[in-house]
Amino acid sequence: MNHEEQDEFGLVHQGFENRSGESWLKGPVILSWEDVRLDSRENLEGRNVVLHEFAHKLDGVNGSTNGLPPLPAGMDRRVWHDVFVRAYEALCREVDSGGFSSIDPYAATSPAEFFAVATEYFFTAPLVLERRFPEVFEQLSLFYLGRVGYSNFLESDWRHFQSLA
Ligand SMILES: [Zn+2]
């Protein structure tokens, strides 16, 4: 299957070849077990179908999957929006120019995919994300960890992470 964007059912699809997962807006997350196994075995930079689909799930908690999930208290929606729009547009320019793209070009498909792919990088290749999109990295740190900076994943980070769902 190769959906490119969200359809009328709220289905958002990841387009990596040979990798599949689906996240329904008000339904289940569907994952290909083979891809989950492959991801955990290969630990590829910026690729993890579980993180990707659950990012869509978090994104859709407020009713639309658009790259703007409900934010924890203390975070600023306007800052998030501006940071992500700037980064998304910068990536789109990279991809349009046909040259090297700093993160997976699939992120340039839509703001929702940008958020999902950035989430994959945040957990699997944080330094790549931090170097190219430091402001996105900071917003994702606040979102997923409740603090700026990324060191060892702490017990308190896990509790914060669980509270998002
Ligand atoms: Zn996706």
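Residues numbered from 1 in each chain as written. Predicted model: local features only at pLDDT ≥ 70, side-chain atom pairs only at ≥ 80, totals over all residues.

### Comments concerning the overall build of the chain
A tally of helices and strands in the chain yields 7 helices and 3 strands. Ordered by position from the N terminus, the helices and strands of the chain form the series β-β-β-α-α-α-α-α-α-α. Counting across all 165 residues of the chain, residues that qualify as buried make up 33%. (Helix = DSSP H or I, 4+ residues; strand = E, 2+ residues; numbered from the N terminus. Buried ≥ 20, exposed ≤ 12 C-beta atoms within 10 Å, placed from the backbone.)

### Overview of the packing of helix H3 (residues 77-96) against helix H4 (residues 111-124)
Orientation of H3 relative to H4, taken along the N-to-C sense of each, is 95°, at an axis distance of 10 Å. Classed by the angle they form, the pair H3 and H4 counts as roughly perpendicular. Mapping the contact onto sequence places Phe84, Tyr88 and Leu91 in H3 and Pro111, Phe114 and Phe115 in H4. Looking at the contact of H3 with H4, its residues break down into 6 nonpolar, no polar and no charged. (Axes fitted to C-alpha atoms, helices over the stretch in contact; angles between N-to-C directions. Parallel < 35°, antiparallel > 145°, perpendicular 65-115°, else oblique. Contact = placed C-beta atoms within 7 Å. Nonpolar A, V, L, I, M, F, W, Y, C, P; charged D, E, K, R; others polar.)

### A few points about the nonpolar core
Ala107, Phe114, Val117, Ala118, Leu129 and Val136 are the most contacted members of the largest nonpolar core, which has 27 residues in total. The set of elements that each furnish at least two residues to this core consists of helix H2 (49-59), H3, H4 and helix H6 (134-145). No other element matches the 8 residues that H4 contributes to this core. Ignoring any residue separated from it by four or fewer positions in sequence, one finds Phe114 in contact with Gly67, Phe84, Tyr88, Leu91 and Ala107. (Core = buried A, V, L, I, M, F, W, Y, C linked by C-beta atoms within 7 Å.)

### Observations regarding the confidence of the model for the chain
Across the chain, the average pLDDT comes to 81, with 75% of residues at or above 70. Segment residues 1-5: pLDDT under 50, and 9 contacts once partners within four positions in sequence are set aside and those in other chains are kept. Taken as a whole, residues 13-18 scores under 50 in pLDDT and shows 13 contacts with residues more than four places along the chain or in a different chain. (pLDDT = per-residue confidence, 0-100.)

### Let's talk about the environment of Phe84
With respect to the helices and strands, the residue Phe84 is situated in helix H3. Under the C-beta neighbour-count criterion, Phe84 is labelled buried, with 21 such atoms within 10 Å. Residues Phe84 and Gly67, spaced 17 residues apart in sequence, show a C-alpha to C-alpha distance of 8.1 Å. If we ignore the near neighbours within four places in the chain, the residues touching Phe84 are Gly67, Pro111, Phe114, Phe115 and Val136.

### Quick look at the packing of H4 against H6
At a minimum axis distance of 11 Å, the contact between H4 and H6 shows a crossing angle of 80°. Put simply, H4 runs roughly perpendicular to H6. Two secondary-structure elements touch here, H4 through Ala118, Thr119 and Phe122 and H6 through Val136, Phe137, Leu140 and Tyr144. Its residues placed into classes, the contact of H4 with H6 shows 6 nonpolar, 1 polar and no charged.

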